[in-house]
Amino acid sequence: MNLNINPRNLHPIAPGKKRDEVFLRSRFKHTLLWSGKSDTRWLRYSLGLGLPIIVIWAAVGSYVILTPKSYTSEMTLNLPGAVSNSNLSLTEIGQASTSSGSAFASNTMSPKVIYKAIAMSPRVLGNAAKLMGSKNGMIAKPRITLIDETSILEFAVSGPSPKFAQASAKALLEAVNQQLDALRNDEAERRSASVEKSLVSVAANLTATQERLVNFQRTARFISADQFQNITNNSEALRQKTGELKAELERLEAERKSYSKILGISASDAAIALQVQADPLYTTINAELALAITEDNLNRSKWGPNHPKVVASTARVKSARTQLSSMATKTTGKIGKKILDVLVLTGSKDRAELFHSLIVADARAKGVASQLTEIEKQTSTERNMIQSDSAVAAELSALERNHKIAEAVFSSALARIDTNKQDIFASYPMLQVIAPASLPVESSSPKLLYALAGGIIGTLLVIIAMTLAWIRQPILRKILKSV
């Protein structure tokens, strides 16, 4: 064995630890620079180069030949992130609303990761195998890729044949949807059960408030606070009406006094005069009086007061007046003369209108006075009722309010049960198929190009390693000179 050790590189032997260090250095250099016998060097390097290459290519061949062919079906799915809102309002009963936020709104939870875990769970894989008719085992685990910044999931499912791979992908999608439906139904049932549990106490509260309200209504004068409010509103309206009627009565009385003063007769006398004027006998005598006055005026314009015709016409007028006076006195008593003077003067058109206005004003004033008296009685009655029943109305209003609140809470709870069942995609969004499961044309494994590339790269690495081992001595000598 040729050690090829340069004596100049050896250090003097030192005692203790230094001696051991020098010894180890010399052995290390000897090992690195050892080349063996020169006549067997080619054989050693040939074996060192050939055996690894043979192993590498044997592994490549085994992979290509022995690995069964596998086909991969791909499909692309999407998780929509839309926000849904619903609002249910029942007039005078209650209101229920639901609002589902986007599944991607939270930074701490990714629905894509959850769906990936669901798709790769043993239960889903087992259900997918059952859907394909396999009683035992599971289909191959899919390869799921989550596309960043999107809601897209890419599925890749492998199988021994193109149709089997496609069928496996379809079965996996159906199994995932079945699992999602089961999770959604479980969530809806749990929520409904929670609401129904609380509904028992809500219903009991509603029944209790209703019983208290009914028992109070049996003893009260009215059955609702609205009735008391109507009485209050009506009392206020009557008060306003009373003021209006008083003002109207004052106006009519002033008008009646004014007409009475102008005519010199009271309204009652005017009414009696109207009664006398309506008598047929008065109409006949009054017509005779009018003819007599006309004839007397004509005669006086022609002859003197002592003319026989003037005397006769004057006597005729006097006789007619006497008959009217007798009839008026007989009908109206002592005021007959006054009534007669009024009736005679009503021949004037203007005075006749004033006479008529006096009678109308008197009639209207009496009507307003009667109406005012009746309204004042009603107002007094309702005011007494309000004062005595105000406390009862307040308590009834409180009972009605409590009953309406209990009824609204109960109705809202019922509505929430239905809305929870409708909002099934709140926690688990629906899966949309962007690209259905594909039917592969070429096998996905074994990959011949990858195997050849691996074999070639491995062979090159072995060759490089053996080449470096062959030329190591000159390089190492230069390096070890400084050691």
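Residues numbered from 1 in each chain as written. Predicted model: local features only at pLDDT ≥ 70, side-chain atom pairs only at ≥ 80, totals over all residues. Heavy atoms only, no water.

Student: Help me out: how do you make sense of the overall build of the chain in this one?
Tutor: Each helix and strand in the chain was counted, giving 13 helices and six strands. Residue burial in the chain is summarised as follows: out of 483 residues, 30% are buried. Taking all contacts inside the chain whose residues are at least 6 apart in sequence as the whole, residues at least 24 apart take part in 79%. Of the roughly 30800 Å² that the chain leaves accessible, carbon and sulfur atoms contribute 59%. (Helix = DSSP H or I, 4+ residues; strand = E, 2+ residues; numbered from the N terminus. Buried < 20%, exposed > 50% of the residue type's maximum accessible area, 1.4 Å probe, protein only. Contact = heavy atoms within 4.5 Å. Areas by Shrake-Rupley, 256 points an atom, 1.4 Å probe, with all protein chains shown as cover.)

Student: Is there a simple way to explain the environment of L249 in this structure?
Tutor: Inspection of the secondary structure puts L249 in helix α6 (residues 225–263). For L249, the residues in contact, after removing those within four places along its chain, are A365, V368, A369 and L372.

Student: Looking at this structure, I do not really get the side chain of S313. What am I missing?
Tutor: Relative to the elements of secondary structure, S313 occurs in helix α9 (residues 308–332). Residue S313 is classed as buried on the basis of its relative accessible area, which comes to 2%. At a separation of 2.7 Å, a polar atom in the side chain of S313 contacts the side chain of D296. Residues contacting S313, with those up to four places away along its chain left out, are A292, E295, D296 and N299. (Polar contact = N/O pair within 3.5 Å; in protein donor to acceptor, adjacent residues only side chain to side chain.)

Student: Quick question: what am I supposed to make of the pattern of salt bridges here?
Tutor: Where side chains of opposite charge bring their charged atoms close, a pairing between them can arise. Across all of its chains, the model carries nine salt bridges by this definition. Between R184 and D181 there is a salt bridge, with the nearest N and O atoms lying 3.1 Å from each other. Of this pair, R184 and D181 both sit in helix α5 (residues 162–219), separated by three residues, roughly a single helical turn. Note on D181: relative accessible area 37%, which makes it partly exposed. Linking R251 and E255 is a salt bridge whose minimum nitrogen-to-oxygen distance equals 3.4 Å. A residue pair is termed a helical-turn pair when its members lie 3 or 4 positions apart in one helix, as R251 and E255 do in helix α6 at four residues. We classify E255 as partly exposed; its relative accessible area is 25%. One network of salt bridges, in which partners are shared, links E248, R251, E255 and R364. (Salt bridge = Lys/Arg side-chain N within 4 Å of Asp/Glu carboxyl O.)

Student: How do you make sense of the environment of L354 when you look at a structure like this?
Tutor: On the secondary structure map, L354 appears in helix α11 (residues 349–422). With 95 residues separating them in the primary sequence, L354 and Y259 have C-alpha atoms 6.6 Å apart. Sequence-distant contacts of L354, that is, excluding residues within four places in its chain, are made with Y259, I262 and L263.

Student: What should I look at first to understand helix α12 (residues 448–470) in this one?
Tutor: Note: α-helices contain 3.6 residues per turn, so residues at a spacing of three or four share the same orientation. End to end, α12 covers 33 Å across 23 residues, agreeing with the expected 33 Å (1.5 Å per residue, within 8%). Listing the buried residues of α12 in full gives A451, G455, G458, T459, V462 and M466. (Expected span 1.5 Å × (residues − 1).)

Student: Can you walk me through the environment of N78 in this structure?
Tutor: Along the chain, N78 turns up in strand β1 (residues 71–78). Put simply, N78 and M430 are 352 residues apart on the chain and 8.5 Å apart in space, counted from C-alpha to C-alpha. In this structure, N78 is in contact with S151, I152, M430, L431, Q432 and I434, ignoring residues within four places of it in sequence. Polar side-chain contacts of N78 include one of 2.5 Å to the side chain of S151.

Student: Would you take a moment to explain the nonpolar core for this structure?
Tutor: The tendency in soluble globular proteins is for nonpolar side chains to be buried side by side. The biggest cluster of nonpolar side chains holds 24 residues, and the ones touching the most others in it are F155, L172, V176 and L431. Secondary-structure elements contributing two or more residues to this core are β1, α3 (111–119), α4 (122–131), β5 (152–159) and α5. Those residues in contact with L172, other than ones at most four positions away along the chain, are A119, V124, L125, A128, I139, P142, F155 and V157. (Core = buried A, V, L, I, M, F, W, Y, C linked by side-chain atoms within 4.5 Å.)

Student: Explain the sheet that holds strand β4 (residues 143–146) to me, please; I cannot follow it from the model alone.
Tutor: Strand-to-strand pairing in sheets goes through backbone hydrogen bonds, with the strands running parallel or antiparallel. Taken in spatial order, the four strands of this open sheet run β4-β5-β1-β6, and their pairing is antiparallel. The sheet terminates laterally at β4 and β6 (432–435), the two strands that pair on one side only. Mean inter-strand twist for the sheet, computed between neighbouring axes without regard to direction, equals 30°. Of the strand pairs in this sheet, β1 and β6 are connected by three bridges, and their pairing is antiparallel. Residue pairing in the sheet places L77 in a bridge with V433 of β6. (Pairing = 2+ DSSP bridges. Axes fitted to C-alpha atoms, helices over the stretch in contact; angles between N-to-C directions.)

Student: Sorry if this is basic, but what is going on with α3 here?
Tutor: Along α3, the residues classified as buried are P111, K112, Y115, I118 and A119. Along the axis of α3, the buried positions cluster into a sector of 120°, meaning they face one direction only. (Arc of directions from axis to C-beta.)

Student: Is there a simple way to think about the pairing of β4 in this case?
Tutor: A regular strand places its side chains so that they alternate between the two faces of the sheet. The pairing of β4 with β5 spans four bridges and is classified as antiparallel. Within β5, the position partnered with R143 by the bridge is A156. A loop of five residues connects β4 with β5, the two strands running antiparallel in sequence, and E149 in this loop sits at a positive phi of about 65°.

Student: Explanation requested: the side chain of K112 in the structure shown.
Tutor: Residue position: K112 is located in helix α3. The buried charged residue K112 lacks any salt bridge partner; its closest oppositely charged side chain belongs to D148, at an N-O distance of 5.2 Å. (Lys, Arg positive; Asp, Glu negative; His and termini not counted.)

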